[in-house]
Amino acid sequence: MNALPVIVGALCVMAIAYRYYSAFLAAKVLTLDDSRPVPSKTMYDGHNYYPTNKWVLFGHHFAAISGAGPLVGPVLAAQFGFLPGLLWLVIGVCLGGAVHDFMILVASVRRRGKSLAEIARTEISPLSGVVAGVAILFIVVIALAGLGLVVVNALAESPWGTFTVGFTIPLALLMGLYMYRFRKGKIGEGTIIGVVGLFAAVIIGGRVAESSWAASFTFSKNTVTLLMAAYGFVASVLPVWMLLCPRDYLSSYLKIGTIAFLIVGVMLVHPHLNMPALTPFTAGGGPVIPGKLYPFVFVTIACGAISGFHALISSGTTPKMITRETDTRVIGYGAMLMEGVVGVVALIAASSLFPGDYFAINTKVDTPEQQAAYVRMVDTHTAEGFDLQPKEIDQLQAESGEKTLRGRTGGAPTLALGIAKIFNAIPGMTGLMKYWYHFAIMFEALFILTTIDTGTRVGRFLVGEFGGRFYKKFEEPNWQPGAFLTTALVVAGWAAFIWSGSISTIWPMFGVANQLLAAVALCVATTAIINSGKARYAWTTILPLAFVGVTTLVAGWESITDIFLPLTRNPKTAAQGYIDAALTAVLMAAAVVILADSIRRWTGGRPRPEPTAEGLANDSALADVPT
């Protein structure tokens, strides 16, 4: 199938959704009003609460939410064929993901930038607040591990990628100091410096990789993990204007610019989707995702359609920087639609590879047993009519400048090759395959690292809120000893998972955890709507909640029984299997408790928690009258 009608159709559907459905939500369900006070102004501290230009904040928010999920999820889900992922990306993002992000962002803005757990406590019950807090903390750690593992797999043994990505850190620091200290308010000048620096980093990275400096930027997976942990710690404790916001803003230019260029490339090249609409692996047993199409395509794609992790950003850093309430529509709903576009483009890029090349890259062949299993899979399915013989992988390997592409699991190398093939086929752009490939690797790594730094900061806030119940100072985000300790705990958690895990075990757990958090957030959003007296509009969140909740609980059960428990039979992986199974079971139980508690609240079985004096003075439900 030709990719041109796919991308054009997806863009049209999303544009209609933004124009009409988000306008309906803004006017009827949320009643946005710029006369309402926002926490960035009422609680300004110059560190975490900071009024930010709408488009700079859009860049930060989009960069923070769009990590590995919309890139890697669709690539891994291509195992089932391009059609299931395409339908879920387009339908899910318009009716589920964008609604989810928009609702939680507004709810947090109207509650002094409080976290999702605190909103659950005030809107549903103290029980739900505690359960949500514990569940969210686990989910943050698992999510950051799943996202970070993709970066590790992409940058390990790649001096070009490591140098280029590393260069963006001092570049972002320079941008932050330039825009907020040296030339305050000169966002355009800072942007030019950043964009020029990005392209320079890609070109210089190629020279470094071919020089004697290459060894200094060639690191093992464990070393990349440690370096990434150090970066996550530093980015989380520095003021948002210094590194986090300018780096995310800079990344958003690369992200949006690359996706726009890729869309143009797809329209010019209109590549053929070599992956069929459905593959034999829809029944399960695939080398990338072991489970069946239902429910695993929905938890594998995750962020591109709906993502619970976004609720942490929408109730974490972003609401503390909103300048006016109406900005939440383009930032909340609009940024999520943009992520849906990213997911569709990633799916097209992966599906443009021949199935044999796709599975050669995404099947582990580290041991003789794995190599033998791969050969059997190729021979069996090729004989049955699904040709899995590699076609171009040796040529692509030579043109990309990589030592090997076989067995490079994780999705990032697959996507980079798909993007590079499309760019290389654009008239006048041929012969630059190795530059396109490493540009795509940098593009992916920047995507993910912006989620790592923001997610770590959000995790720090969560641990601080929880610790504040035992020692009040932990609740103060600017108390440096608390910031250092809480950040160290979060970083140690996700780094330990990356150190010991693999994409086949972490990604299913990440997908289940992420979608369960989305169900929790939709429970909170539904309760907030009902509490505001607008129960007639509760269907906007209940419908996606019903589908996501049921699907993810089924996926969680099948992950435990089919993926994690079998690991316990091997002494080398037994500990990991028990930990993964136990964490998934705990998260499922937490989601069920919150759902049951929410239903009791909706039906009048549980009264709304009494607001505190602080809440009466500062918090506002989704009401029509400004506070």
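Student: Help me understand the side chain of Ser 108 in this model?
Tutor: Relative to the helices and strands, Ser 108 resides in helix α5 (residues 82-109). Apart from residues lying up to four places away in sequence, Ser 108 is in contact with Gly 113, Lys 114, Ile 119, Ser 314, Ser 315 and Pro 319.

Student: How should a nonpolar patch on the surface be read in this particular structure?
Tutor: Together, Val 130, Val 134, Phe 138, Phe 466, Phe 470, Tyr 471 and Val 586 give the surface a local cluster of nonpolar side chains, amounting to about 640 Å² of exposed area. It is helix α7 (residues 126-155) that provides the largest number of residues to the nonpolar patch, a total of three residues. Here Val 134 shows up in helix α7.

Student: Would you explain the packing of helix α4 (residues 69-77) against helix α12 (residues 293-301) in this entry?
Tutor: Each pair of packed helices can be described by the angle between their axes along with the distance between the axes. Interaxial distance between α4 and α12 falls to 7 Å at its minimum, and their mutual angle equals 155°. Considering the angle they form, α4 stands roughly antiparallel to α12. Contacts from Gly 69, Gly 73, Pro 74, Leu 76 and Ala 77 of α4 reach α12 at Val 297, Thr 300 and Ile 301. Class assignment for the residues of the contact of α4 with α12 results in five nonpolar, three polar and no charged.

Student: Before we go on, may I ask you to explain the environment of Ala 135 in this structure?
Tutor: With respect to the helices, strands and loops of the structure, Ala 135 is situated in helix α7. The buried category is assigned to Ala 135, whose relative accessible area is 8%. In this structure the C-alpha to C-alpha distance between Ala 135 and Ala 117, which are 18 residues apart in sequence, comes to 9.2 Å.

Student: Just checking my understanding: could you explain helix α23 (residues 574-602) for this structure?
Tutor: Because each turn of an α-helix spans 3.6 residues, side chains separated by three or four positions end up pointing in the same direction. The terminal C-alpha atoms of α23 lie 42 Å apart, and with 29 residues this matches the ideal 42 Å at 1.5 Å per residue to within 8%. Taken from the residues just after α23, Gly 604 is the one with a positive phi, measuring 85°.

Student: Looking at this model, I keep getting lost on helix α18 (residues 412-425). Mind explaining?
Tutor: Taking 1.5 Å as the rise per residue, α18 with 14 residues should run 20 Å; its terminal C-alpha atoms sit 20 Å apart, in good agreement. In terms of burial, α18 is a largely internal element, twelve of the 14 residues being buried.

Student: What am I meant to see in the nonpolar core here?
Tutor: Taken as a class, soluble globular proteins show a tendency for nonpolar side chains to be buried jointly. Within the largest apolar cluster, 189 residues are counted, with the highest numbers of intra-cluster contacts made by Ile 136, Tyr 333, Val 344, Phe 359 and Trp 494. The greatest single-element share of this core, amounting to 18 residues, is contributed by α7. Trp 494 has contacts with Val 141, Leu 144, Ala 145, Met 228, Ala 229, Ile 452 and Thr 456, leaving out every residue within four places of it along the chain.

Cut-off values and rules
Residues numbered from 1 in each chain as written. Predicted model: local features only at pLDDT ≥ 70, side-chain atom pairs only at ≥ 80, totals over all residues. Heavy atoms only, no water. Helix = DSSP H or I, 4+ residues; strand = E, 2+ residues; numbered from the N terminus. Contact = heavy atoms within 4.5 Å. Patch = residues over 30% accessible without salt bridge, like charges linked within 9 Å, V, L, I, M, F, W, Y side chains within 5 Å. Areas by Shrake-Rupley, 256 points an atom, 1.4 Å probe, with all protein chains shown as cover. Salt bridge = Lys/Arg side-chain N within 4 Å of Asp/Glu carboxyl O. Axes fitted to C-alpha atoms, helices over the stretch in contact; angles between N-to-C directions. Parallel < 35°, antiparallel > 145°, perpendicular 65-115°, else oblique. Nonpolar A, V, L, I, M, F, W, Y, C, P; charged D, E, K, R; others polar. Buried < 20%, exposed > 50% of the residue type's maximum accessible area, 1.4 Å probe, protein only. Expected span 1.5 Å × (residues − 1). Core = buried A, V, L, I, M, F, W, Y, C linked by side-chain atoms within 4.5 Å.

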